[in-house]
Amino acid sequence: MNLINTDEQLTDFCKILEQQTFITVDSEFIREHSYYPKLCLLQIGYDGDAAIIDPLANLDLSPFFEILQNPNIIKVFHSGRQDIEIFYNLTGKIPQNVFDTQIAAMVCGFTENISYGNLVHAITHTELDKSCRLTDWSKRPLEEDQLEYALGDVTYLVDCYKYLRQYMEENNRLEWIKEEIDDLCDEKHYNVNPAECWKRLRHSSHSQQYLSALKYLAEWRECRAQKFNTPRSSVLKDEVLLNIASAHPRSADELRCVRNLRPDIAKGKMGEEILSALKQAAEHPLSAEICRLDRKEAQNGIPNHEQSLMEILRLLLKIKSQEADVCSRLIASDEDLRYIIVNLPEKTPVMQGWRYEIFGQYAELLKKGKLAITYNPKKKRIDIQEL
């Protein structure tokens, strides 16, 4: 077992990584009781070998972080958003030259969001051992079987990457995942702006008072969670936050009456902070335009008379994605289909590039009444024909 727990070992290992065209990367972490994930293990593989780095051994990880920023080395993840979040929190930078096998699998005929275990089995015919998946990775020492389990997350990833890469190159599909990879590496997903957190909450009211209260309460909660490194739900659950915004209490006595709010919160320091946030909301309300857009976004569904068209577009998408052997979600979402229906094609990538060739042009014809979808009983298949 190649376990790295000294600075000298890490430096030597990174010199080897510098010579690679690609490396596979995974991490083990815990975050059940914290806002930021706590990095416990780093697993790194390459074509020929792999190693585990122990961040809890008080290592200087900067040599490895330099590898992550080397644009000449491809960093291969599987469903890498949480791993990238960890690296961003530690360094303030997104890894360069990223490849995600879960995304790549969608243009290679695999299902949406395929798990690592299922992808490994499909490509290598290996059944991964899952007995250690609930390990507390912060405990030391770790057993040999736990380390072997962790290492498997990058050793088999080498074979998966090589298979997917070859398939995509042979079928000219490398560019098909560029937008998804760019989105995965977009800093906006990892640099949380507390002032924007209210937009992630599902709510039914769109009044100026309610939305203003929700904005400042959500911002306060996010800042408090970050400050004390605790999950936002440990500060206040979403349901309680929404109840406070709706009740809009102006005193500690009124705050105590909010449904599901613990009495100790209402009468303590947090109660004072909540009332302060609500005061800010009253003094600096959201503009009427923002409230109007929020209401419009919530109500911007498909008209009843267009629901049938939506269903036919979904069917067309399913047919065309199967013909191309591409996951339908990578081609278009329901939101993309809605934009087509309400004549906002410029808002969706479906009407551009390879997505347009596979599906967009046919959706356009269907909406104009110039496409027929029929069943051929002799050939037992669906036929699509331009009228």
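One structure accompanies this document, and this report is about it. Computed from a predicted structure; not experimentally measured. (Residues numbered from 1 in each chain as written. Predicted model: local features only at pLDDT ≥ 70, side-chain atom pairs only at ≥ 80, totals over all residues. Heavy atoms only, no water.)

**Concerning a negative patch on the surface**
On the surface, Asp-7, Glu-8, Asp-12, Glu-18, Asp-60 and Glu-66 cluster together into a patch of negative charge. You can see Glu-66 is positioned in helix H2 (residues 62–68). (Patch = residues over 30% accessible without salt bridge, like charges linked within 9 Å, V, L, I, M, F, W, Y side chains within 5 Å. Areas by Shrake-Rupley, 256 points an atom, 1.4 Å probe, with all protein chains shown as cover. Salt bridge = Lys/Arg side-chain N within 4 Å of Asp/Glu carboxyl O. Lys, Arg positive; Asp, Glu negative; His and termini not counted. Charge placed at Lys NZ, Arg CZ, Asp CG, Glu CD. Helix = DSSP H or I, 4+ residues; strand = E, 2+ residues; numbered from the N terminus.)

**Considerations on the pairing of strand S7 (residues 371–376)**
Two elements, S7 and strand S8 (residues 381–386), share six bridges in a ladder whose sense is antiparallel. Counterpart to Ile-373 in the pairing with S8 is Ile-384. (Pairing = 2+ DSSP bridges.)

**What about the sheet that holds strand S3 (residues 38–46)?**
Across the sheet, which stays open at both edges, the six strands sit in the order S1-S4-S3-S2-S5-S6 with mixed pairing between neighbours. At either end of the open sheet lies a strand with only one pairing partner, and these are strand S1 (3–4) and strand S6 (98–100). Here S3 runs beside strand S4 (residues 49–53); their pairing, made up of five bridges, is antiparallel. Within S4, the position partnered with Leu-42 by the bridge is Ile-53. Packing of helix H1 (residues 7–17) onto the sheet brings it into contact with S1, strand S2 (22–30), S3 and S4, and relative to S3 it is tilted by some 40 degrees. Sitting on the sheet, helix H6 (residues 144–170) touches S1, S2, S3, S4, strand S5 (74–77) and S6, and the angle it makes with S2 is about 140 degrees. (Contact = heavy atoms within 4.5 Å. Axes fitted to C-alpha atoms, helices over the stretch in contact; angles between N-to-C directions.)

**Observations regarding the side chain of Arg-224**
By secondary structure assignment, the location of Arg-224 is in helix H8 (residues 208–227). Looking at Arg-224, its side chain comes within polar contact range of the side chain of Glu-273, at 2.8 Å. Arg-224 has contacts with Val-235, Lys-269, Met-270 and Glu-273, leaving out every residue within four places of it along the chain. (Polar contact = N/O pair within 3.5 Å; in protein donor to acceptor, adjacent residues only side chain to side chain.)

**What about the packing of aromatic side chains?**
All told, the structure shown has ten aromatic pairs when counted by the stated rule. Taking the centre distance of 4.9 Å and the plane angle of 85 degrees together, the rings of Phe-99 and Tyr-161 count as edge-to-face. With Phe-99 in strand S6 and Tyr-161 in helix H6, this pair connects stretches of sequence that are 62 residues apart. A relative accessible area of 6% places Tyr-161 in the buried class. Their ring planes at 15 degrees and their centres at 6.1 Å tell us that Trp-137 and Tyr-149 sit as a pair that is stacked. (Phe/Tyr/Trp six-rings, centres within 6.5 Å; stacked < 30°, edge-to-face > 60°. Buried < 20%, exposed > 50% of the residue type's maximum accessible area, 1.4 Å probe, protein only.)

**Thoughts on the nonpolar core**
Within the largest apolar cluster, 81 residues are counted, with the highest numbers of intra-cluster contacts made by Ile-23, Ile-53, Phe-64 and Phe-359. Ranked by residue count, the leading element in this core is H6, at seven residues. Residues contacting Ile-23, with those up to four places away along its chain left out, are Leu-17, Ile-44, Gly-45, Tyr-46, Phe-64, Ile-67, Ile-73, Ile-74, Lys-75 and Val-76. Grouped together as the second largest cluster of nonpolar side chains are 32 residues, Leu-201, Ala-225, Ala-277 and Ala-281 included. (Core = buried A, V, L, I, M, F, W, Y, C linked by side-chain atoms within 4.5 Å.)

**Focus on the packing of helix H5 (residues 116–124) against H6**
Pairs of packed helices are described in terms of their axes, by the angle between the two and the distance that separates them. In contact at an axis separation of 10 Å, H5 and H6 are set at 55 degrees when each is read in the N-to-C sense. Here H5 is positioned oblique relative to H6, judged by the angle of their axes. Remark: the crossing between H5 and H6 carries left-handed chirality. For the pair formed by H5 and H6, the contact residues are Tyr-116, Leu-119, Val-120, Ile-123 and Thr-124 on the first element and Gly-152, Asp-153, Val-154, Tyr-156, Leu-157, Asp-159, Cys-160, Tyr-163 and Leu-164 on the second. A per-class count over the contact of H5 with H6 returns ten nonpolar, two polar and two charged. (Parallel < 35°, antiparallel > 145°, perpendicular 65-115°, else oblique. Left-handed = near helix turned anticlockwise from the far one by under 90°. Nonpolar A, V, L, I, M, F, W, Y, C, P; charged D, E, K, R; others polar.)

**Examining the pairing of S4**
Residues in a regular strand project their side chains so that they alternate between the two faces of the sheet. With four of five residues buried, S4 lies mostly within the body of the structure. Bridge count for S1 against S4 is two bridges, and the pairing is parallel. Bridging from a neighbouring strand, Ile-4 pairs with Ile-53 of S4. Between the antiparallel neighbours S3 and S4 lie two residues, among them Gly-48 with a positive phi of about 135 degrees.

**Details of the packing of helix H17 (residues 334–341) against helix H18 (residues 353–367)**
At their nearest, the axes of H17 and H18 sit 11 Å apart, and the two run at 40 degrees to each other. Judged by the inter-axis angle, H17 sits oblique to H18. The handedness of the crossing between H17 and H18 comes out as right-handed. Across the interface between the two elements, Leu-337, Ile-340 and Ile-341 from H17 touch Phe-359, Ala-363 and Lys-367 from H18. Here the contact of H17 with H18 is built from residues that sort into five nonpolar, no polar and one charged.

**Some thoughts on the side chain of Arg-221**
Its location among the elements puts Arg-221 in helix H8. Owing to a relative accessible area of 4%, Arg-221 belongs among the buried residues under this scheme.

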